[in-house]
Every structure is written in structure tokens, then in C-alpha cells.
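Residues per chain are reported as follows:
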Amino acid sequence: MSPTRVLVLNSGSSSVKYQLLDMRDGSRLAVGLVERIGEESSQLKHTPLATGETRGFTAAVPDHDAALKAVAAELAKDGLGLDSPELAAIGHRVVHGGKHFTAPTVVDDTVLAEIERLIPVAPLHNPANLTGIRTARALRPDLPQVAVFDTAFHTTMPESAARYAIDVRTADEHRIRRYGFHGTSHAYVSRATAELLGRAPEEVNVIVLHLGNGASASAVRGGRCVDTSMGLTPLEGLVMGTRSGDMDPAVIFHLMRVGGMSADEIDTLLNKKSGLIGLCGDNDMREIRRRIDEGDEAAQLAFDIYVHRLKKYIGAYYAVLGRVDAVAFTAGVGENAAPVRAAAVAGLEALGLTVDGELNAVRGDAPRLISPADARVAVAVVPTDEELEIATQTYALVKAAQGRP
Ligand code: ADP
């Protein structure tokens, strides 16, 4: 029998998250993560789904190589080792694929060099992703390693959406354009939304709102992305947990000239100390809702700014698409925070958008409609599954390369 398992690796600068999936039915065999790599008290947590019992350790894991070897050792204890003939491929999340990578790609030396060439536009993410790929390759050089890019789904954006209105030569010299991120999630959720509506992805126009700690919106026409809210980096667009999202770029010169701040300080301010946490000191929507219930004004204002921005993007993408069949909420906030969903579409009845209070209050893991049955535009909660999407794309590519159906 041909191998059907795919290991999905998401390598961050100090962490590795992993899932082993069986692609016959997309089920999980094991999930886990290694955190605080490079520190004295690194932590590994591993859960084989056969027992559901999490185990692990706290000890120094010096680098990604050691982390992956530790993961391999845990998997081996469950009979799921990386040397198993049932492992078909390893799928890697890669944050930045630039303009070049429009689809998942089997990794070779040329592909690695190209991902490396993109480090200046993704200094935080691509080096860690590369380390993960190199380490996995060294461990199983015979196995296909597939890079699945966060940017790929957005490469269908027209130039009118992808370009900034700045000097063209400067933009081209520094590869400055809007790339977008969370593409794996936007691809998965837009397709799952079409499925929920019982229609082919080619037939439907969807606004996807991925609201996690990072947050982004996308306008998807017939299964293809035509606009998205993140840009050169994940800083642009919606108000996020710790990122400002859209802002007059002159704020930056002002902080440099008048505030005496350096580029690095402003980078940290806008990426790590802004958004919800900058506005009210909390970036967790649960905590913000709790504070609002106690009458906390700063939390209320942070919520209002968050929702105002979200509503602006719904309106903008409605205009970009012309006809909208569905608005889909996903990720931590989108899937769980009913008040955010209700507030984001409040007052948009003229656009055919309404949320049914009772349906919106229902909790669950399955994709579901929260708009009334007769609504002109469906409003949906569609849980994202980036690991399944990475595994699906990886498996499809490997099977196609081997000429198997
Ligand atoms: P990321 O993958 O970007 O780290 P997630 O998609 O896991 O983020 O989302 C994390 C965020 O989801 C948390 O910061 C929190 O604001 C929000 N969240 C999670 N659960 C709930 C909940 N039950 N109610 C409201 N917000 C929630």
C-alpha cells in the first residue's frame, strides 16, 4: 500500500508545532509542540490521539535539530516514527513565498535558496521556517519535503490590489508590494464556506474574516483571492491582538522626528505593543469582554475600535466583490466571540447582512450559519484548519508527482 501519512511542521523562531495526519480521512494521529527552544527550560508536549493522553518533558532543547529529534523520538514511542514506510511527506508552513511561489512546492536546493532570498521581507519568519525544512531534510533526505506558503493564495490578487501607490522603481527595487498572509486559512475557509452553502467554490464570492491574535480579511471571488488586508508584512489591515493594523504612515516619521524613536523601537511598538493590548492592556478577547461587562471604558473603546475597523473592511470588500454570497468568521476570535460577530455586521442590513441572535450564540466545532434562513447574504462561522490544509496540499502534490490518483 502507498504511504498515506503526512507530518505537518510549523517552525517558529523558538518553537516547533507539529501534527501527524492520516490522509485517507484527514484524521490526526498525533499533535504536539516544542517551545522555548534554545532556553534552559524548553518544553515538549506530545499527544497521540490513540490514547489522547498528553506527555512530555521540560529540559534544555538547544536547537531545532534537537527539537525535531525529540519529536521523532516521541512519535516512535507510539509506533509513528519518522522512519515509518507509511510516511508520505513532510509539509512545512512557510510564511513568505513572495511573488514567486504561487502554489505548494516540493523543496530542493533551488527552492531553499529562493526562500532564503525572501528573508529581507520576512526577517522574523522565513529563517525559522528554513531551519525547520533543513532539519527535517537531514533527518529524512529521501522523503518529499513540501513548502506550503502563507502568501500563495493571495498571488491571484490583481496588480490594482497588490501594488502600493508609491514610486514604482523604489517598490520594485525593494520588492515592496502587498503579499498578504494567513493564505492557507483563507483558502481552506473560503472553500469550506462554499461547501456549507452547498455550492462549488467557483460559484461563490466570500469575505473571509480570520480573527486570531493576528487578524486578516480577504475578498475571494469564485475561489480566487482578489484582495486581502495584510500587506508587505502582517502589520497592515485589521486591529489585531498586538498589532496596530492600518495607520497613516506619517505616524512613523513623527515618532522618529518628534518622539526620538528608532526604527526597531517603532517596529516593536506597532507589532507587539499596539492593537488591543496597546489600547487596553489585554489582547485576549475573553478578558476584554469580561472587563466590558464590569463597565471598563478602556476595554470598551478597544472593542469599538476593533469592530469599527472590521466593519470598514466588510464594506470595502463588499464593494470590491460587487456581489457577496457569504461572510465567514474564523480563528480564535471569529469562531468564539459572538459579540464581535454581532457588532461587526450590525447596521449592515441594507447590504443584506444580518445575524440571528440565537444562532450566533450557539457554540460548536462544525461550520454553521448564523444568519436567518431568508438572509440575502449568508453569515457563517467556519472553523479554520491550517494543518489539515497544509497536509492536504502536501499530499495532493506528492501523489501528483508520483502519478497516482
Ligand atoms: P493565533 O493562531 O493567531 O495565535 P488563535 O486563532 O488561536 O490565534 O486566536 C487566539 C485568540 O482568540 C485569543 O487571543 C483570544 O483573543 C481569542 N479567543 C480564543 N477563545 C476565545 C473565546 N472563547 N472567546 C473570545 N475570544 C477567544
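Residues numbered from 1 in each chain as written. Predicted model: local features only at pLDDT ≥ 70, side-chain atom pairs only at ≥ 80, totals over all residues. Heavy atoms only, no water.

A. Quick peek at the sheet that holds strand β11 (residues 224-228). Spatial strand order, β11-β10-β9-β12-β14-β13: six strands in an open sheet with mixed pairing. Where the open sheet ends on each side, the last strands, each with one partner, are β11 and β13 (368-369). Across four bridges, strand β12 (residues 326-330) lies against strand β14 (residues 378-381) in parallel orientation. Counterpart to Val327 in the pairing with β14 is Val379. (Pairing = 2+ DSSP bridges. Helix = DSSP H or I, 4+ residues; strand = E, 2+ residues; numbered from the N terminus.)

B. Structural detail: the site of the ligand. The environment of the ligand is formed by 13 residues, the closest being Asn213, Met285, Arg286, Gly332 and Asn336. Between the ligand and the protein, one listed contact pairs an oxygen atom with a backbone N or O atom of Gly214 at 3.4 Å. A distance of 2.8 Å separates an oxygen atom of the ligand from a polar backbone atom of Met285. If the ligand stood free it would expose 580 Å²; the protein chains cover 65% of that surface. Of all the elements in the fold, those that place two or more residues in the shell around the ligand are α10 (285-293) and α12 (331-336). Here the shell around the ligand gets four residues from one element, more than from any other, and that element is α12. Split by residue class, the shell around the ligand holds four nonpolar, six polar and three charged. (Near = heavy atom within 4 Å. Polar contact = N/O pair within 3.5 Å; in protein donor to acceptor, adjacent residues only side chain to side chain. Areas by Shrake-Rupley, 256 points an atom, 1.4 Å probe, with all protein chains shown as cover. Nonpolar A, V, L, I, M, F, W, Y, C, P; charged D, E, K, R; others polar.)

C. Representation of the pairing of strand β1 (residues 5-11). With seven of its seven residues buried, β1 lies for the most part within the structure. Side chains of β1 alternate between two faces, with Arg5, Leu7, Leu9 and Ser11 and Val6, Val8 and Asn10 buried alike. Bridging between β1 and strand β6 (residues 87-94) involves five bridges; their strand directions are parallel. Looking at the pairing, Val6 lines up with Ala89 of β6. (Buried < 20%, exposed > 50% of the residue type's maximum accessible area, 1.4 Å probe, protein only.)

D. Inspection of helix α13 (residues 338-345) at higher detail. Every buried residue belonging to α13 is among Ala338, Val340, Arg341, Ala344 and Val345, and all of these are buried. Looking straight down α13, one finds that the buried residues subtend no more than 165° of arc, so they occupy a single side. Where α13 ends, the next residue or the one after it, Gly347, has phi of about 85°, a positive value. (Arc of directions from axis to C-beta.)

E. Up close: the UniProt feature "active site" (unreviewed entry) in the protein chain. UniProt tags Asp150 as "active site" (unreviewed entry). Turning to its location among the elements, Asp150 is positioned in the loop between β8 (145-149) and α4 (159-162). With residues near it in sequence (within four places) discarded, Asp150 still touches Arg93, Val94, Val95, Gly180, Phe181, His182, Gly183 and Thr184. (UniProt positions renumbered as here; feature names shortened; annotations may be inferred. Contact = heavy atoms within 4.5 Å.)

F. Expanded view of the side chain of Thr384. Secondary-structure assignment places Thr384 in the loop between β14 and α15 (386-401). Polar contacts involving the side chain of Thr384 include one to the side chain of Ser185, which spans 2.7 Å. With residues up to four places along the chain from it excluded, the contact list for Thr384 reads Ser185, Tyr188, Val189, His210, Thr330, Ala331 and Glu335.

G. How the structure looks around the packing of aromatic side chains. Applying the stated criterion to the full structure yields two aromatic pairs. Ring centres of Tyr313 and Tyr317 lie 5.6 Å apart, and the angle between their planes is 75°; this geometry places the pair in the edge-to-face category. Residue Tyr313 and its partner Tyr317 are located together in helix α11 (residues 297-321), separated by four residues, close to a single helical turn. Judged by its relative accessible area of 3%, Tyr317 is buried. Between the NZ or CZ atom of Arg289 and the centre of the ring of Phe303, over which it lies, the distance is 4.7 Å. (Phe/Tyr/Trp six-rings, centres within 6.5 Å; stacked < 30°, edge-to-face > 60°. Lys NZ or Arg CZ within 6 Å of the ring centre and 35° of its normal.)

H. The arrangement of the pattern of salt bridges in detail. Tallying each qualifying case throughout the model produces 27 salt bridges. Residue Lys69 pairs with Asp65 through a salt bridge whose shortest N-O separation is 3.0 Å. With a gap of four residues between them, Lys69 and Asp65 both fall in helix α1 (residues 64-77), about one helical turn apart. On the accessibility criterion, Lys69 (44% relative accessible area) is partly exposed. (Salt bridge = Lys/Arg side-chain N within 4 Å of Asp/Glu carboxyl O.)

I. Inspection of the UniProt feature "binding site: substrate" (unreviewed entry) in the protein chain at higher detail. The feature "binding site: substrate" (unreviewed entry), as annotated in UniProt, sits at Arg93 in this numbering. Checked against the element boundaries, Arg93 lands in strand β6.

J. Up close: the environment of Glu294. Considering the arrangement of structural elements, one finds Glu294 in the loop between α10 and α11. A polar contact of 2.7 Å, which involves the side chain of Glu294, links it to the side chain of Arg290.

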